[in-house]
Amino acid sequence: MYPAPFDYHAPSSVDDALRLLADHGEDAKLLAGGHSLLPILKLRFARPAHLIDIRRLPGLAGIRQEGDAVVIGAMTTHRAVEFSSLLKQVLPILTDAAAQIGDPLVRNAGTIGGSLAHADPAADFPAVMLALGAELRTVSPRGGRAIPADDFFIGLMTSALTADEILTEVRVPLLRGRAGTAYEKVPHPASRFALVGVGAAVTLDDGGAVASARVAITGVGDHAARSPAAERALVGQAPDDAAIERAAAAAAEGVDPRADLQGGVEYKRNLTRVIARRAIARAVERARG
Ligand SMILES: Cc1cc2nc3c(=O)[nH]c(=O)nc-3n(C[C@H](O)[C@H](O)[C@H](O)COP(=O)(O)OP(=O)(O)OC[C@H]3O[C@@H](n4cnc5c(N)ncnc54)[C@H](O)[C@@H]3O)c2cc1C
């Protein structure tokens, strides 16, 4: 099926894009990589009268270190994240996740901003941003906002973004000291979206115990979410196999998966336990260096 007719706009600045969004309100949609939006338009689940193509806007793509944070522009492609030597070195959870998104076509066109704005319940980057305590930066006619990842994903395909807002970049704080991050997933056999995906970020104290932990899960709820129980189970513990297993079990206990063609509730809960264990163990291994 073809999309319903729309007017195409190609603004050359963020201000122009904001003006177009303000003029057309709920009738407009931003177009980034198009790999989530175009299928929806073709299925006519959405019929925006105006498409605002933000692929040519200057300054929205790129990965750079700024002080104690890494900043990733919203229009940065999954592929650019996957092959970033900076990210591989300081935040390998991001390259782990990007490398597992879809296939090369999807990774070449899809953008990190598009993925986060779309807030698909089985997307990979939302769990990564939650595990990293990232901040999502936006602009709108009312000015700029910095939205903590914890407040960004609020429901099924629903984020904290308003219709007149553009996500411009994500700021990821660098972890200090002995820190490790990792992302593991079981992909859907056809789409490669996460049946279950888990992001983990841990820091260790001088004695080797867990000083801080963030664990976030995607694929088994209506939006990606942290697992406070898994995090509590890790902090203060020596991260041996038994402690990691207890945290993974706590993560699995906290999810509320839906049975579907890919598996039943208990299967998905067990998958969550296995994947959480792998992600936490890998993050700990990286923290130990
Ligand atoms: C076959 C296939 C397999 C896939 N597999 C995976 C997978 O394994 N894991 C995964 O996580 N994803 C997967 N995806 C989704 C893919 O990662 C998409 O690229 C991504 O979800 C959307 O990014 P995009 O740049 O294509 O955004 P678009 O499709 O252009 O936009 C998506 C939505 O976000 C809005 N938007 C885009 N950019 C902004 C912005 N800067 N500010 C505000 N709103 C914005 C758009 O208006 C639209 O509503 C897959 C997609 C396909 C087609």
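Residues numbered from 1 in each chain as written. Predicted model: local features only at pLDDT ≥ 70, side-chain atom pairs only at ≥ 80, totals over all residues. Heavy atoms only, no water.

A. Up close: the overall build of the protein chain. The helix and strand tally for the protein chain stands at 12 helices and 14 strands. Computed over C-alpha atoms, the radius of gyration of the protein chain comes to 19 Å, within 12% of the 19 Å expected from 2.2 N^0.38 for 289 residues, which places it in the range of a compact globule. Dimensions of the protein chain, computed from the C-alpha atoms along their principal axes, are close to 60 × 45 × 30 Å. Looking at the protein chain as a whole, 49% of its 289 residues qualify as buried. For the protein chain, long-range pairs separated by at least 24 residues make up 61% of all intrachain contacts whose partners lie at least 6 apart in sequence. As displayed, the protein chain has an accessible area near 13,200 Å², and 52% of this comes from carbon and sulfur atoms. Charge-centre separation for the protein chain: the mean point of 32 positive side chains lies 4 Å from the mean point of 33 negative side chains. (Helix = DSSP H or I, 4+ residues; strand = E, 2+ residues; numbered from the N terminus. Rg over C-alpha atoms; globule rule 2.2 N^0.38 Å. Buried < 20%, exposed > 50% of the residue type's maximum accessible area, 1.4 Å probe, protein only. Contact = heavy atoms within 4.5 Å. Areas by Shrake-Rupley, 256 points an atom, 1.4 Å probe, with all protein chains shown as cover. Lys, Arg positive; Asp, Glu negative; His and termini not counted. Charge placed at Lys NZ, Arg CZ, Asp CG, Glu CD.)

B. Spotlight on the sheet that holds strand S3 (residues 50–53). Pairing is parallel across the open sheet formed by three strands, whose spatial order is S1-S3-S2. One side of each edge strand has no neighbouring strand; the edge strands of this open sheet are strand S1 (7–9) and strand S2 (28–31). Across the sheet, the axes of successive neighbouring strands diverge by a mean angle of 25°, strand direction being ignored. The strands touched by helix H1 (residues 14–24) are S1, S2 and S3; relative to S3, the strand with the most contacts, the crossing angle is about 165°. (Pairing = 2+ DSSP bridges. Axes fitted to C-alpha atoms, helices over the stretch in contact; angles between N-to-C directions.)

C. Seen up close, the pattern of salt bridges. All told, the structure shown has 20 salt bridges when counted by the stated rule. For the salt bridge of Arg142 with Asp164, the shortest nitrogen-to-oxygen distance reads 2.6 Å. In this pair, Arg142 sits in the loop between strand S6 (135–140) and strand S7 (143–148) while Asp164 sits in the loop between strand S9 (158–159) and strand S10 (166–173), placing the two residues 22 residues apart along the sequence. A relative accessible area of 58% means that Arg142 is categorised as exposed. Given the relative accessible area of 19%, Asp164 is considered buried. A salt bridge links Lys268 to Asp260; the shortest N-O distance between them is 2.9 Å. Since its relative accessible area comes to 5%, Lys268 is described here as buried. Assessed through its relative accessible area of 40%, Asp260 is described here as partly exposed. Counted as one network, the salt bridges with shared partners bring together Arg64, Glu66, Glu169 and Arg171. (Salt bridge = Lys/Arg side-chain N within 4 Å of Asp/Glu carboxyl O.)

D. Region of the structure containing the site of the ligand. Neighbouring the ligand are 32 residues; Leu30, Leu37, Thr111, Asp124 and Arg192 lie closest to it. Within the side chain of Lys185, a nitrogen or oxygen atom sits 3.2 Å from an oxygen atom of the ligand. Taking Phe193, its main chain carries an N or O atom lying 3.3 Å from an oxygen atom of the ligand. Computed on the free molecule, the ligand has an accessible area of 970 Å², of which 90% lies beneath the protein chains in the complex. The element that contributes the greatest number of residues to the shell around the ligand is helix H7 (residues 112–118), accounting for four residues. For the shell around the ligand, the class distribution of residues is 14 nonpolar, 13 polar and five charged. (Near = heavy atom within 4 Å. Polar contact = N/O pair within 3.5 Å; in protein donor to acceptor, adjacent residues only side chain to side chain. Nonpolar A, V, L, I, M, F, W, Y, C, P; charged D, E, K, R; others polar.)

E. Highlighting the pairing of S3. Where burial is concerned, the two faces of S3 agree: the one with His50 and Ile52 and the one with Leu51 and Asp53 are both buried. Here S1 pairs with S3 via three bridges, running parallel. When the sheet's bridge partners are listed, Asp7 is paired in S3 with His50. Relative to S3, S2 runs parallel, the two sharing four bridges. Each residue of the ladder has a partner; that of Lys29, found in S3, is Leu51. Remark: the S2/helix H2 (residues 37–42)/S3 crossover connection has right-handed handedness. (Right-handed = clockwise from strand over helix to strand, strands pointing away.)

F. Main features of the nonpolar core. Core analysis: the biggest nonpolar cluster contains 36 residues, and Ile72, Leu94, Leu116, Phe125, Val128 and Met129 have the highest contact counts within it. Secondary structure elements with two or more residues in this core: strand S5 (69–73), helix H5 (92–99), H7, helix H8 (125–132), helix H9 (149–152) and S10. Counting residues per element, this core draws most heavily on H8, which supplies seven residues. Contact partners of Leu94, with chain neighbours within four places excluded, come to Ile72, Val81, Leu87, Ile112, Phe125, Val128, Met129 and Leu132. Counting 28 residues, the second-largest nonpolar core is a separate cluster that includes Val186, Val210, Ile275 and Ala283. (Core = buried A, V, L, I, M, F, W, Y, C linked by side-chain atoms within 4.5 Å.)

G. Quick peek at the packing of H5 against H8. Their axes nearest at 10 Å, the elements H5 and H8 cross at an angle of 170°. In terms of orientation, H5 and H8 fall into the roughly antiparallel class. Side by side, H5 and H8 meet where Ile93, Leu94, Ala97 and Ala98 of the first sit next to Phe125, Val128, Met129, Ala131 and Leu132 of the second. Residues that form the contact of H5 with H8 fall into these classes: nine nonpolar, no polar and no charged. (Parallel < 35°, antiparallel > 145°, perpendicular 65-115°, else oblique.)

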